[in-house]
Amino acid sequence: MLRVARLEPDGVHVGGRELATPGALFWVDCTPEPENLDWLASRFGFHPLALEDAAHAGQRAKFEDYPGTAFV
C-alpha cells in the first residue's frame, strides 16, 4: 500500500505516486515493502538510515531532519 496526500489551494488530494511531485506540500503513507522503499530511495534520495528505520515496523515514533526532507 502506498498513498499520497497532497495539499493544494483547493484542498487535499489523495492518490498514488503521481501526486508526489514538486510544487506543494505532500505526505507519503506506505507499508514497508521493498518496492515502496526502493521508490522512496530513488524518488527522494532518502538517507539509508531513514529507509532502514522505515523497513522495521513497530519502532518508537521518531523525527529526523535531513537536508530538504523530514522523516517522521
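Provided above is the structure to which this section pertains.
K.L.:
Is there a simple way to explain the nonpolar core in this structure?
P.N.:
Core analysis: the biggest nonpolar cluster contains 8 residues, these being Leu2, Val4, Leu19, Ala20, Leu37, Trp39, Leu40 and Leu51. The element best represented in this core is helix 1 (residues 34-44), accounting for 3 residues. The residues touching Leu37, leaving out its near neighbours within four places in the chain, are Pro32, Leu51, Ala54 and Ala55.

K.L.:
What exactly am I supposed to notice about the pairing of strand 1 (residues 2-8) here?
P.N.:
Strand residues, when the strand is regular, have side chains that alternate between the two faces of the sheet. Of the strand pairs in this sheet, strand 1 and strand 3 (residues 26-30) are connected by 5 bridges, and their pairing is antiparallel. Bridged to Ala5 within strand 3 is Trp27. With 5 bridges joining them, strand 1 and strand 2 (residues 11-15) adopt antiparallel strand pairing. Across the sheet, the residue bridging to Glu8 is Gly11, located in strand 2. Where strand 1 hands over to strand 2, the hairpin turn is made up of 2 residues, counted between the paired strands.

What counts, and where the lines are drawn
Residues numbered from 1 in each chain as written. Predicted model: local features only at pLDDT ≥ 70, side-chain atom pairs only at ≥ 80, totals over all residues. Heavy atoms only, no water. Core = buried A, V, L, I, M, F, W, Y, C linked by side-chain atoms within 4.5 Å. Buried < 20%, exposed > 50% of the residue type's maximum accessible area, 1.4 Å probe, protein only. Helix = DSSP H or I, 4+ residues; strand = E, 2+ residues; numbered from the N terminus. Contact = heavy atoms within 4.5 Å. Pairing = 2+ DSSP bridges.

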